[in-house]
Amino acid sequence: MSVGVLHPGAMGAAVGALLVDRGVPVRWLSAGRGPATRRRAEEAGFTEAGDLAGCDVVLGICPPASAVDVARDVASSGFTGLYLDANAISPGHAQEIEDLFRGQASVVDGGIVGPPPRHDGSTRLYLSGPDAGRVESLFAGTFLRPIVLGGPVGRASALKLAFASYNKLTYALAAQAHALAAHHGVDDVFRDLAGAIRRDTPLGAPGALESAAQRAWRWEGEMAEIAAACTDAGLSPALLTAAQELFGRWREYRDDDGVTAGVLLAALAVTPDVT
């Protein structure tokens, strides 16, 4: 079996590396990718390739906003194997991706919960769709624990987004609370209070805001997907669209490990409309 990994970011590289460790050949498409992507792919032990020819399975792990376009590119290439979409997308978009491959390739819906899998018990891969068992077999016994939900494509995405709607919103609420305290000059006392009473949450954990800001460029798109899923479910998307706007203010700090909390809180201030 040969596996293709598209655009290996931190998550895609870590997931693919698990397969390399068990002797599965993993290819990556290098066209248009930058030096950081190349470094991750080489460190993970991937083989550089120009196309998906010979791949039995393709892992689609990318920013949510790109998921449908990436799947469309794979479908248009004539791929006929198994496509795993493991992105934080709405059930509706997961079903749209299934439709792109209908009659051509199998699609499995995946939802990754947790950090890049580098030790046991940290990360789960929820799976749905008729061929979910094939992906379960691929990752069984690795640091990425596969769990088959059963049911159609879209079910794993729904579970992922339901969990993310709480998990990511806690960071947005923490940022808003810190910004309010900073505006009134009680930020030092607020940090002490939050650290004493809510230290294990984004509100009080040291470095939580800085860590969130480095990932906000992805979370912004994820909030849009959750908002769409809520709308489809007859739920108000207002909380998610607000969080999307907040994370959008941190877009420029992508992968910036030197950004400070003060800079991030200042970026949340809304400029008054003087027109």
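Above this text is the structure in question.
In this text, all values refer to a predicted model and were calculated from it rather than measured experimentally.

Undergrad: Would you explain the pairing of strand S5 (residues 82-85) in this entry?
TA: For a regular strand, side chains alternate in direction, first toward one face of the sheet and then toward the other. What you see with S5 is no split at all: Leu-82 and Leu-84 on one side and Tyr-83 and Asp-85 on the other are buried throughout. Strand direction decides the pairing type here: strand S4 (residues 57-60) and S5, joined by four bridges, are parallel. Paired with Gly-60 across the two strands is Asp-85, which belongs to S5. Since S4 and S5 lie parallel, the crossover through helix H3 (residues 67-76) that links them has a hand, and here it is right-handed. In this structure, S5 lies alongside strand S6 (residues 106-113), joined through four bridges in parallel fashion. The residue of S6 that forms the bridge with Leu-84 is Val-108. A crossover connection joins S5 to the parallel S6 through helix H4 (residues 91-101); in handedness this β-α-β unit is right-handed.

Undergrad: Would you mind showing me how to read the sheet that holds S6 here?
TA: Strand-to-strand pairing in sheets goes through backbone hydrogen bonds, with the strands running parallel or antiparallel. Taken together, the eight strands give an open sheet; going across it, the order is S3-S2-S1-S4-S5-S6-S7-S8, and neighbouring strands pair in mixed fashion. Unpaired on one side and paired on the other, strand S3 (47-49) and strand S8 (144-148) mark the two borders of the sheet. Each strand of the sheet is rotated relative to its neighbour by a mean of 30°, with strand direction disregarded. Two elements, S6 and strand S7 (residues 123-128), share five bridges in a ladder whose sense is antiparallel. Residue pairing for S7: Asp-109 is matched across the bridge by Ser-128.

Undergrad: Just checking my understanding: could you explain the state of the cysteines for this structure?
TA: A covalent bond between the sulfur atoms of two cysteines is referred to as a disulfide. Inspection of the entire model under this criterion finds zero disulfides. Of all cysteine sulfurs, the one in Cys-55 lies closest to Cys-62, which takes part in no disulfide; the gap is 16 Å. Take Cys-62: its relative accessible area is 13%, and that puts it in the buried class.

Undergrad: Even after reading the chapter, I still don't get the pairing of S4, so can you show me in this structure?
TA: Residue alternation in S4 divides its side chains into two sets, Val-57 and Leu-59 and Val-58 and Gly-60, and both sets are buried. Bridge count between strand S1 (residues 3-5) and S4: three bridges; the pairing is parallel. Bridging from a neighbouring strand, Val-3 pairs with Val-57 of S4.

Undergrad: Sorry if this is basic, but what is going on with the layout of surface pockets here?
TA: The probe, sized like a water molecule, is rolled over the atoms to show the empty space still left. Volume-wise, the largest pocket comes out at about 1100 Å³. Ala-10, Met-11, Arg-215, Trp-217 and Arg-218 are the residues nearest the centre of the largest pocket, which is lined by 40 residues in total. Looking at the lining of the largest pocket, the element that brings in the most residues is helix H8 (residues 208-232), giving seven residues. Computed from the structure, the second largest pocket encloses a volume of approximately 390 Å³. If you go around the second largest pocket, you meet 16 residues; those closest to its centre are Ala-172, Gln-176, Ala-179, Leu-246 and Leu-268.

Undergrad: How should the pattern of salt bridges be read in this particular structure?
TA: Note on pairing: side chains with opposite charge can pair once their charged atoms come close. Per the counting criterion, the structure on display carries 13 salt bridges. Among the ionic pairs, Arg-102 bridges to Glu-98, the shortest N-O distance being 3.7 Å. Assessed through its relative accessible area of 55%, Arg-102 is described here as exposed. With its nearest N and O atoms 2.2 Å apart, the salt bridge here joins Arg-191 to Asp-188. Placement of the pair is Arg-191 and Asp-188 together in helix H7 (residues 187-197), with a separation of three residues, close to one helical turn. Asp-188 gets classed as partly exposed once you look at its relative accessible area, which sits at 49%. Each of the salt bridges in this network shares a partner with another, and the network as a whole consists of Arg-38, Glu-42 and Glu-48.

Reading guide: rules and limits
- Residues numbered from 1 in each chain as written.
- Predicted model: local features only at pLDDT ≥ 70, side-chain atom pairs only at ≥ 80, totals over all residues.
- Heavy atoms only, no water.
- Buried < 20%, exposed > 50% of the residue type's maximum accessible area, 1.4 Å probe, protein only.
- Helix = DSSP H or I, 4+ residues; strand = E, 2+ residues; numbered from the N terminus.
- Pairing = 2+ DSSP bridges.
- Right-handed = clockwise from strand over helix to strand, strands pointing away.
- Axes fitted to C-alpha atoms, helices over the stretch in contact; angles between N-to-C directions.
- Disulfide = S-S within 2.5 Å.
- 1 Å grid on protein atoms, 1.4 Å probe; cavity = no way out; pocket = protein on both sides within 12 Å on 5 of 7 lines; lining within 4 Å.
- Points joined across faces, edges and corners; volume = space filled by probe spheres on them.
- Salt bridge = Lys/Arg side-chain N within 4 Å of Asp/Glu carboxyl O.

As far as function goes, none of this settles anything; it's purely spatial.
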